[in-house]
Amino acid sequence: MLMKFPTMKKRLQKELLALQNDPPPGMTLNEKSVQNSITQWIVDMEGAPGTLYEGEKFQLLFKFSSRYPFDSPQVMFTGENIPVHPHVYSNGHICLSILTEDWSPALSVQSVCLSIISMLSSCKEKRRPPDNSFYVRTCNKNPKKTKWWYHDDTC
């Protein structure tokens, strides 16, 4: 399958190396996650020092389509610890514009990771989005299929 998509494969290999060699602070590629497929990665994340999430451990799931990097990756928190944050739903979906309408092929896994670290680090109060219960009951499993309404630039 990947041979049909040389642009995606080449780009993912380049980004995989970059993430392995120069990961953003508090981020580590889960090496086991890429052993079987280059199109699905798990990135282990630790909350930044001096923030509400200091010392907490999270996992981000990245799924790449055959249209990557022209199509944004599907990114969500996964695992047992989903951060309590005004832009993170309890099912792991993340309301962040660069994951959908503000995506650009110039962005990368590293830049997405940095944006998520920044989003968590700037949070002043741990709370779920006000529509969490309704959203989690009614949403698609793929967060990219959600029509997000970006109305809050603060936490």
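To be clear, the structure that these remarks concern was listed above.
Structure report, in brief. Note that the coordinates shown come from a computational prediction; the quantities given were computed from them, not determined experimentally.

Judged by which residues are buried, strand β2 (residues 40-46) turns out to be one-sided: Trp41, Val43 and Met45 face inward and are buried, whereas Gln40, Ile42, Asp44 and Glu46, on the alternate face, are not. With three bridges connecting them, strand β1 (residues 27-29) and β2 associate as antiparallel partners. Looking at β2, one finds that Met27 is bridged to Met45. Relative to strand β3 (residues 57-63), β2 runs antiparallel, the two sharing seven bridges. Within β3, the residue paired with Glu46 across the bridge is Lys57.

Attention now moves to the sheet that holds β2. Strand order across the open sheet formed by four strands is β1-β2-β3-β4, with antiparallel pairing between neighbours. Across the chains shown, the open sheet's two edge strands, defined by having one partner strand only, are β1 and β4 (74-78). Within this sheet the neighbouring strands show an average axis-to-axis angle of 25°, counted without direction. The strands that helix α1 (residues 6-21) touches are β1 and β2; relative to β2, the one it contacts most, it runs at about 20°.

Next up on the list: helix α2 (residues 109-121). Given a rise of 1.5 Å per residue, 13 residues ought to cover 18 Å, and the 18 Å separating the end C-alpha atoms of α2 matches this to within 8%. Among all positions in α2, only Val109, Val112, Cys113, Ile116, Ile117, Met119 and Leu120 are buried. The buried residues of α2 all sit within an arc of 160° when viewed along its axis, so they share a single face. Buried residues in α2 make contact with α1, β1, β2, β3 and β4.

Let us now look at the packing of aromatic side chains. Counted under the stated rule, the structure contains seven aromatic pairs. A centroid spacing of 6.1 Å and a plane angle of 70° characterise the contact between Tyr53 and Phe58, whose relative ring orientation is edge-to-face. Residue Tyr53 is classed as buried on the basis of its relative accessible area of 1%. Phe58 gets classed as buried once you look at its relative accessible area, which sits at 2%. A ring pair is formed by Tyr89 and Tyr135, whose centres lie 4.3 Å apart and whose planes are at 40°; its orientation type is tilted.

Take the pairing of β3 next. Side-chain positions along a regular strand alternate between the two faces of the sheet. As paired elements, β3 and β4 share five bridges and run antiparallel to each other. Bridge pairing links Phe62 to Val75 in β4.

Compared with an ideal rise of 1.5 Å per residue, which puts 16 residues at 22 Å, α1 spans 23 Å between its outermost C-alpha atoms and is within 8% of the ideal. When α1 is considered as a whole, its buried residues turn out to be Met8, Arg11, Leu12, Glu15, Leu16 and Leu19. Projected onto a plane normal to the axis of α1, the buried residues spread over an arc of 140° and lie on a single side. Exposed and facing more than 90 degrees away from the buried side of α1 are Pro6, Lys10, Lys14 and Asn21. The inward-facing, buried residues of α1 contact β1, β2 and α2.

Position of Pro49 among the secondary structure elements: in the loop between β2 and β3. For Pro49, a relative accessible area of 68% corresponds to the exposed category. In this structure, the C-alpha to C-alpha distance between Pro49 and Ile38, residues 11 residues apart in sequence, is 31 Å.

Rules of the game
- Residues numbered from 1 in each chain as written.
- Predicted model: local features only at pLDDT ≥ 70, side-chain atom pairs only at ≥ 80, totals over all residues.
- Heavy atoms only, no water.
- Buried < 20%, exposed > 50% of the residue type's maximum accessible area, 1.4 Å probe, protein only.
- Helix = DSSP H or I, 4+ residues; strand = E, 2+ residues; numbered from the N terminus.
- Pairing = 2+ DSSP bridges.
- Axes fitted to C-alpha atoms, helices over the stretch in contact; angles between N-to-C directions.
- Contact = heavy atoms within 4.5 Å.
- Expected span 1.5 Å × (residues − 1).
- Arc of directions from axis to C-beta.
- Phe/Tyr/Trp six-rings, centres within 6.5 Å; stacked < 30°, edge-to-face > 60°.

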